Amino acid sequence: MDTKEFLEIKNNYEEGKINENELTDEQVVELTKYYTNEIEELKNKSNNLDAKLNDSKEKFLKLIEKAKNLKK
Amino acid sequence: MKKEENDYTQKIQNVIKDFFDDFVYERNDFNVEEFNNYMIEYSKEIVNLILEKNNIKGNIEFKETHRVGLEGRMEYNEYAEGSSSAIYLNLENLYGNKDFNIFGLKSFNIKGRFKEATSFINTLIHETQHYIQEYTVNKGIESSKAYSLKEKYLLSLEFANQRIGGFPYYNLGNNYRDCFLESDARISSGLDTIEYCKPVLNNLYKEINKGNIKGIDEKDIDKYILKLSGTRTLNDIYYANKLRLSKEDINPKEALTTLADFSIAECPELLERYPMLKLEFNEDGSRKTLDELVAQRDSKVLELNKQGKDSTEVKGLYNDILTNTICYTMSDKSLIEATRRLGKEKMNNLFEDLSLNSRENLDLQLQYLKNTDDYAKQLNSGIFSLNDKYEARLDLVESSIIENNKEIENKISSKYDVVKNIRKFYTKQKDIDKSLANEVKENKDTAKIKYDWVDDLGKDMFFERYFNLKEKFKFHNLNRTPSDIGTVDRNKLKELKDTSKEYKRQIRTKEDILEESLQCINAAELLINDRFRDTKVRERNINERNI
């Protein structure tokens, strides 16, 4: 299975045009490998975003503190 | 301790007693020149006695260093006949340096002079210890404080790395403390300083109790001894064993092993300076292969056994070298190559040996800690009692040694997994070979490719190659299913697809929230800054009106 063929199968599978049972064994193996790697990357991305959100939360709390001080 | 060693210890103690008489008990109003001459003479006397005690005929000059923050430095140069080494001492600080608010031995209170004097003696012994270390590994001569084979090897590696101009190993983050050559010198000098100063310290206690000496009390002396024998010693054992990652994420052992490759390749003459390194490196400075090291180890062990000599230490050293070579210099791919050459059985035996060696190292380190601790306690007995802090630190140090060992064991076992997996790889390969042989029988044209690809390395590369070849040579009649190359689990695939979809959805939401938050923060910042400016202006106006 070459890259072009793989991408076509993947898109069709994701769009629901074909289901698992319609895939060949080889395609199942390749897609399993692909999703395992992709999930690993997505996990990293998600953790990264969590850290950024935390930072912005802290920044926001500091601003509120600053605003309160100004009021006084 | 042998009688001669005991004599030398007493001689050193006497010199130190004179030194205390001249500079600690009373404030000596010497001038710089006199002072420097005195210090050089005292240093020569103490260092030569230490060297004689260690059966070393050294050639050391004493020089002055003015580098701020540096108390002493040793420069070993005796690689060729007739050359001399040097110990640099910061006499300026010892004399007192008003610019830096340092009063040195000219301090008006005895507490200050005591601190300077013991610190100077400690520095002197520390630098001498470095000299003994390098002399031992350079000349291959045993000193009375014998280093084990493993320690000598570690010293050789560290000196080799240090000798390449400004080489990073010594300066990596906190590696000053990770270096064996430093922790060893600090531990030895700490304990030796107490041993050599013991008579003057006991005398000080006595005089303080009698009320003859004012301005210093017992606690000040206790504190200093604890620093030398307790906290400092334990700290060094702790850091030397913790194998912790430094700020730059560099594992000291890994750094030492990999940097040694560069240092020695760059400067193979280091092998002449530190001949033990020839065990691990070829004459041209390149690293010996795993196969060569294993063969060398086995033949040396066999030779010693034939001669009826104990081979444990030599085997242990080779196993340390092999562990570092495998853990830090070999990729999984090159390990697979080596396994192919050496065979599964030999490789399995090797990894079992290395695990055992790692556990033996743990016992050795714990024993060393126990000995050092016993010695420190013995030195201190009658001087002061160890406090709880020291005992707590001792537990921490012991756990650091165990942690260090675990880390090495993990490294070995992860590499061991690679070797174990090769078994499966071999089994698969056998099947494929069989199938290919049948294929070859049927079609002679394909024969040429047989060994073109079965020699391939690494699981992934193997299967990639297999698919390419399958495509290229249309091996459709090979009796293989995709399940041989991975899991065919349709439910799992669906699960993975859904998980991936869910992650993507969460990420999109988080990205939206983040964007919105950043916009809010920017707006709030602008607003607050404006308000802040307004408040300031208002305050200024009010102030001006008041004036």
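Counting starts from 1 at the beginning of each chain's written sequence and moves along it residue by residue. Written order decides the labels, with chains lettered from A and ligands numbered from 1. Where local features are concerned, this predicted model is filtered to residues with pLDDT of at least 70; where side-chain atom pairs are given and counted, the filter is 80 or more; whole-chain, interface and lining totals use all residues. Hydrogen atoms and water are omitted, and side-chain values are computed over all heavy atoms in the structure.

**Side note on the overall build of chain A**
What counts, and what does not: Strands are runs of DSSP state E lasting at least 2 residues, helices are runs of H or I lasting at least 4, and numbering of each runs from the N terminus. Only protein chains enter the calculation, and the probe is 1.4 Å; a residue is then buried if its accessible area is under 20% of its type maximum, exposed if over 50%, and partly exposed in between. What sets the accessible areas is the Shrake-Rupley method with a 1.4 Å probe; for residues, cover comes only from the shown protein chains.
Per the secondary structure count, chain A includes 2 helices and 0 strands. Counting only residues that meet the buried cut, chain A has 29% of its 72 residues in that class. Looking at chain A as shown, the accessible area adds up to about 5100 Å², and 48% of this sits on carbon and sulfur atoms.

**A closer look at the overall build of chain B**
Defined as follows: Residue contacts are defined here by distance: any two heavy atoms, one from each residue, within 4.5 Å place the two residues in contact.
When helices and strands are counted, chain B shows 19 helices and 3 strands. A separation threshold of at least 6 residues defines the contact pool for chain B, and within that pool the share at least 24 residues apart is 71%. When the accessible area of chain B is evaluated, it comes to approximately 28900 Å², of which 48% is carbon and sulfur surface.

**Considerations on the sheet that holds strand 1 (residues 60-64) of chain B**
Residue and element names in this part refer to chain B. Operational definition: Strands are labelled as partners when DSSP assigns at least two bridges between them. Angles here are taken between N-to-C directions and fall from 0 to 180 degrees, while the axes themselves are lines fitted to C-alpha atoms, restricted in helices to the stretch in contact.
Judged by pairing direction, the sheet is mixed, and its 3 strands sit side by side in the order 1-3-2 without closing on themselves. Where the open sheet ends on each side, the last strands, each with one partner, are strand 1 and strand 2 (72-75). Neighbouring strand axes in the sheet, compared pairwise and without regard to direction, differ in orientation by 20 degrees on average. In this structure, strand 1 lies alongside strand 3 (residues 85-89), joined through 5 bridges in parallel fashion. Note on strand 3: the bridge partner recorded for Ile60 is Ser85. The strands that helix 2 (residues 32-53) touches are strand 1 and strand 3; relative to strand 1, the one it contacts most, it runs at about 150 degrees.

**Quick word on unusual backbone geometry**
In this model, Asn55 of chain B sits at a positive phi of 60 degrees, which is unusual for a non-glycine residue. Mapped onto the elements, Asn55 of chain B comes out in the loop between helix 2 and strand 1.

**What about the interface of chain B and chain A?**
Defined as follows: By convention, the term buried area covers the 1.4 Å-probe accessible surface removed from two parts as they join, with the contributions of both added. By definition, a salt bridge exists where a carboxyl oxygen of Asp or Glu is found within 4 Å of a side-chain nitrogen of Lys or Arg.
Listed per partner, the contact involves 33 residues of chain B and 32 residues of chain A. Interface area, chain B with chain A, both sides summed: about 3100 Å², of which 73% is carbon and sulfur. For the pair chain B and chain A, the number of links is 3 salt bridges. The salt bridge partner of Arg490 of chain B is Asp25 of chain A, with a shortest N-O separation of 3.4 Å.

**Overview of the packing of aromatic side chains**
This is how it is decided: Stacked, tilted and edge-to-face pairs are distinguished by plane angle, under 30 degrees for stacked and over 60 for edge-to-face with tilted covering the rest, among Phe, Tyr and Trp rings (Trp via its six-membered ring) whose centres lie within 6.5 Å. A ring is considered to have a charge above it if a Lys NZ or an Arg CZ atom is located within 6 Å of its centre and within 35 degrees of its normal.
Going through the model one piece at a time under the given rule, you end up with 17 aromatic pairs over all chains. The interplanar angle of 55 degrees and the centroid separation of 6.5 Å between the aromatic rings of Tyr13 of chain A and Tyr35 of chain A together place this pair among those described as tilted. Note that Tyr13 of chain A is positioned in helix 1 (residues 3-14) and Tyr35 of chain A in helix 2 (residues 25-71), a separation of 22 residues in sequence. Exposure class is identical for Tyr13 of chain A and Tyr35 of chain A. Each is buried. Every member of this aromatic cluster is reached through a ring pair, and the members are Phe19, Phe23, Phe30, Phe35, Tyr38, Tyr42 and Phe120 of chain B. Across the ring face of Tyr79 of chain B, the terminal group of Arg273 of chain B is positioned such that the distance to the ring centre comes to 4.0 Å. Taking NZ or CZ as reference, Lys497 of chain B lies 4.3 Å from the ring centre of Tyr13 of chain A, over its face.

**As for the pattern of salt bridges**
Counted according to the given criterion, the structure contains 20 salt bridges over all chains. A cluster of three or more residues bridged by salt bridges with shared partners is formed by Arg297, Asp298, Lys315 and Asp353 of chain B.

**What to know about the packing of helix 1 (residues 3-23) of chain B against helix 4 (residues 110-139) of chain B**
Two packed helices can be described by the angle between their axes and the distance between those axes. All names here are of chain B. Applicable threshold: Helix crossings are classified by the rotation of the near helix relative to the far one: an anticlockwise turn of less than a right angle makes the crossing left-handed, while a clockwise turn makes it right-handed. Three classes are used: nonpolar for Ala, Val, Leu, Ile, Met, Phe, Trp, Tyr, Cys and Pro, charged for Asp, Glu, Lys and Arg, and polar for all others, with Gly counted as polar.
At their nearest, the axes of helix 1 and helix 4 sit 11 Å apart, and the two run at 150 degrees to each other. Here helix 1 runs over helix 4; the crossing is right-handed. Of helix 4, the residues touching helix 1 (which contributes Ile16, Phe19, Phe20 and Phe23) are Arg113, Phe114, Ala117, Thr118, Phe120 and Ile121. For the contact of helix 1 with helix 4, the per-class residue count stands at 8 nonpolar, 1 polar and 1 charged.

**Notes on the packing of helix 1 of chain B against helix 8 (residues 180-210) of chain B**
All names here are of chain B. Applicable threshold: Angles below 35 degrees are treated as roughly parallel, those above 145 as roughly antiparallel, those between 65 and 115 as roughly perpendicular, and all remaining angles as oblique.
Contact geometry of helix 1 with helix 8 gives a least axis separation of 7 Å together with a crossing angle of 45 degrees. The orientation of helix 1 with respect to helix 8, classified from their angle, is oblique. In the crossing of helix 1 with helix 8, the sense of the turn from one axis to the other is right-handed. Along its contact with helix 1, which presents Thr9, Ile12, Gln13, Ile16, Lys17 and Phe20, the element helix 8 presents Glu195, Tyr196, Cys197, Pro199, Val200 and Leu204. Looking at the contact of helix 1 with helix 8 residue by residue, the classes come out as 8 nonpolar, 2 polar and 2 charged.

**What about the pairing of strand 2 of chain B?**
All names here are of chain B. Residues Gly72 and Met74 of strand 2 are buried on one face, while the alternating residues Arg73 and Glu75, pointing to the opposite face, are not. Taken together, the 4 bridges between strand 2 and strand 3 define a ladder with antiparallel strand orientation. By the bridge assignment, Met74 is partnered in strand 3 with Ile87.

**Things to note about helix 1 of chain B**
Residues and elements named next belong to chain B. We apply this condition: A helix is expected to span 1.5 Å for every residue after the first. It is the directions from the helix axis to the C-beta atoms whose arc is reported.
Taking 1.5 Å of rise per residue, 21 residues should cover 30 Å, and helix 1 covers 30 Å from first to last C-alpha, within 8% of that figure. Among the residues of helix 1, Glu5, Tyr8, Thr9, Ile12, Gln13, Val15, Ile16, Phe19, Phe20 and Phe23 are the ones counted as buried. Here the buried residues of helix 1 occupy an arc of 160 degrees about the axis, which is enough to place them on one side. Exposed residues on helix 1 whose side chains face more than 90 degrees from its buried face are Lys3 and Glu4. Where helix 1 is buried, its residues touch helix 2, helix 4 and helix 8.

**Focus on the environment of Gly140 of chain B**
Within the secondary structure layout, Gly140 of chain B lies in the loop between helix 4 and helix 5 (149-163). The spatial distance from the C-alpha of Gly140 of chain B to the C-alpha of Met276 of chain B is 8.6 Å, given a sequence separation of 136 residues.

**Focus on the nonpolar core**
All names here are of chain B. Our working definition: The term nonpolar core refers to a set of buried residues drawn from Ala, Val, Leu, Ile, Met, Phe, Trp, Tyr and Cys, joined through side-chain atoms within 4.5 Å.
One finds Ile16, Phe19, Phe20, Met39, Leu105, Phe114 and Ile221 to be the most contacted residues of the largest nonpolar core, which totals 65 residues. When sequence neighbours within four positions are dropped, the list of residues in contact with Met39 reads Phe19, Phe23, Leu91, Leu94, Leu105 and Phe120. Leu157, Cys267, Tyr274 and Leu350 belong to the second-largest nonpolar core, a separate cluster that totals 46 residues.

**Here's the deal with a nonpolar patch on the surface**
Residues and elements named next belong to chain A. This is how it is decided: Excluding any residue in a salt bridge, patches collect residues exceeding 30% relative accessible area, merging like charges within 9 Å and nonpolar Val, Leu, Ile, Met, Phe, Trp and Tyr side chains within 5 Å.
Among the surface-exposed residues, Phe60, Leu61 and Ile64 lie close enough to one another that they form a single nonpolar patch of about 250 Å² accessible area. One can find Leu61 in helix 2. Since its relative accessible area comes to 48%, Leu61 is described here as partly exposed.

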